[in-house]
Amino acid sequence: MFENLMQVEHPNIVKFHKYWLDMKESQARVIFITEYMSSGSLKQFLKKTKKNHKTMNVKAWKRWCTQILSALSYLHSCDPPIIHGNLTCDTIFIQHNGLIKIGSVWHRLFVNVFPDASVQGKARQHRDEQRNLHFFAPEYGTGEDDYAIDIFSFGICALEMAVLEIQANGDTAVSKEAIANAGQSLEDPLMREFTQSCLRQDAKLRPTAHDLLFHRVLFEVHSLKLLAAHCLINNQYLLPENCVEEKTKSFDPNAVMAEIKHQDRQGVQLKYSHVSPLELDKFLEDVKNGIYPLMNFASSRPHPIPRALSLSQEHVETVKTPTPEPHEAETRKVIQMHCNLESNEEGTKTHLSLFLKMDDKLHRQLSCDILPTDTSRDLASELVHYAFINKEDNEKVAGFLEDAINRHRVRALASGSAQ
């Protein structure tokens, strides 16, 4: 189960990296290694904002709601659906660049597969904590709850983001009256309608995460700039590094890149000088990090998830904790590649240096000697075998190496002919 949790991939979900079992006498602990969130939880951010007598920016509120719903829509569209079950402002994290990620996704899965584990007692204890009780839907824990409990929790999170804090009466739980008052305090009627639809007492009347992304308060027609940025990021592995920076340098700043003509008035010209390369570079980085998802175009097809996550209880006892293999599969994707080939004087072997940029912005640099009999497919398969690249990148890397090796051989032949 824990091996398969590492396959859950989404820019707005805290990445689950590794785990191991800590055995102590009759008890065992599962230790998790997850992605580090540098700026703390959403709850901490909201408290700091309120303390500094600031208000939540509406654009930021919409952007964060979209990111959280993007993650929930992904989880709920898996087959079978993954229900978070523990969504609060304490389990939502924020990065310094404004990227939102939800954590503790493993919690509900762990409880479902191991209902007798001590984590269940901790879950009940967490639910009973007065400060977080209001995040849980009325039907929570009844055995009939489904994805609608996450929508209720999201509604409370969205409301707290808007008002910064829902006031509790002393040390007691936040009351329904306090939640209602917080909702009514929202000046924007669309924001009120949005949050109230999530907090309906009848779970069947709550919208889905996908539906909420199309709510009038969030939905917008994506700009051509954003669509182009996503297209560029998705095909970045085909482009040389720093291609945007190099391309913008070659442009004449006074040249017109687009023009809007009007019959009854003067037209508008857009020049390259109107675009800041630094701003463009930052925008591309934000898109790559998942700050501006294209959820309005997301298909509703279910995402397959590992079977181990949905095992019935009668089969759980037969499942043993997997022992990590010497070469665990690489889950990250390659987004950029560069290589250098140098042959010895005799031409009997060639030294390959391969630079890979992964989707988590970490780099991998590999080098080896290759023989004339080695094919690009053999080299790519070997990289997969030793977990240097994702299996899905096999064909892409093989094609890249094939082109690079062919170009190197052509240069070598040309050099030999010249001599």
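Located above this text is the structure these notes cover.
About the cut-offs
Residues numbered from 1 in each chain as written. Predicted model: local features only at pLDDT ≥ 70, side-chain atom pairs only at ≥ 80, totals over all residues. Heavy atoms only, no water. Buried < 20%, exposed > 50% of the residue type's maximum accessible area, 1.4 Å probe, protein only. Helix = DSSP H or I, 4+ residues; strand = E, 2+ residues; numbered from the N terminus. Arc of directions from axis to C-beta. 1 Å grid on protein atoms, 1.4 Å probe; cavity = no way out; pocket = protein on both sides within 12 Å on 5 of 7 lines; lining within 4 Å. Points joined across faces, edges and corners; volume = space filled by probe spheres on them. Nonpolar A, V, L, I, M, F, W, Y, C, P; charged D, E, K, R; others polar. Polar contact = N/O pair within 3.5 Å; in protein donor to acceptor, adjacent residues only side chain to side chain. Contact = heavy atoms within 4.5 Å. Salt bridge = Lys/Arg side-chain N within 4 Å of Asp/Glu carboxyl O.

Right, let's talk about helix H2 (residues 42-51) for a bit. Restricting attention to buried positions, one finds in H2 the residues Leu42, Lys43, Leu46 and Thr49. Relative to the axis of H2, the buried residues are bounded by an arc of 125° and lie together on one face. Every exposed residue of H2 that faces more than 90 degrees away from the buried side is listed here: Lys47, Lys48 and Lys51. Looking at the residues trailing H2, positive phi occurs at His53, about 60°.

The subject of this paragraph is the layout of surface pockets. Here the second largest pocket is characterised by a volume of approximately 840 Å³. Together, 24 residues line the second largest pocket, and Lys225, Met257, Tyr272, Val275 and Leu280 are the ones closest to its centre. Elements represented by at least two residues in the lining of the second largest pocket include exactly helix H10 (224-234), helix H11 (243-250), strand S6 (256-260) and helix H12 (277-289). When its residues are assigned to classes, the lining of the second largest pocket shows 16 nonpolar, four polar and four charged.

With that settled, consider the side chain of Gln67. Tracing the backbone shows Gln67 in helix H3 (residues 58-76). Here the side chain of Gln67 touches Asn12 through a polar contact of 3.2 Å, side chain to side chain. The residues touching Gln67, leaving out its near neighbours within four places in the chain, are Asn12, Gly98, Leu99, Ile100, Gly290, Ile291 and Pro293.

As a further point, take the pattern of salt bridges. Taken as a whole and assessed by the stated rule, the structure comprises 13 salt bridges. In this structure, the salt-bridge partner of Glu35 is Lys101, at a minimum N-O distance of 2.7 Å. Of this pair, Glu35 sits in the loop between strand S2 (27-34) and H2 while Lys101 sits in strand S5 (residues 100-102), placing them 66 residues apart in sequence. Comparing Glu35 with Lys101, the two get one shared label, buried. Of the charged contacts, one joins Lys396 and Asp393 as a salt bridge, the two residues approaching to 3.3 Å between their closest N and O atoms. Given a relative accessible area of 21%, Lys396 falls into the partly exposed group. Judged by relative accessible area, Asp393 falls into the buried class, the value being 4%.

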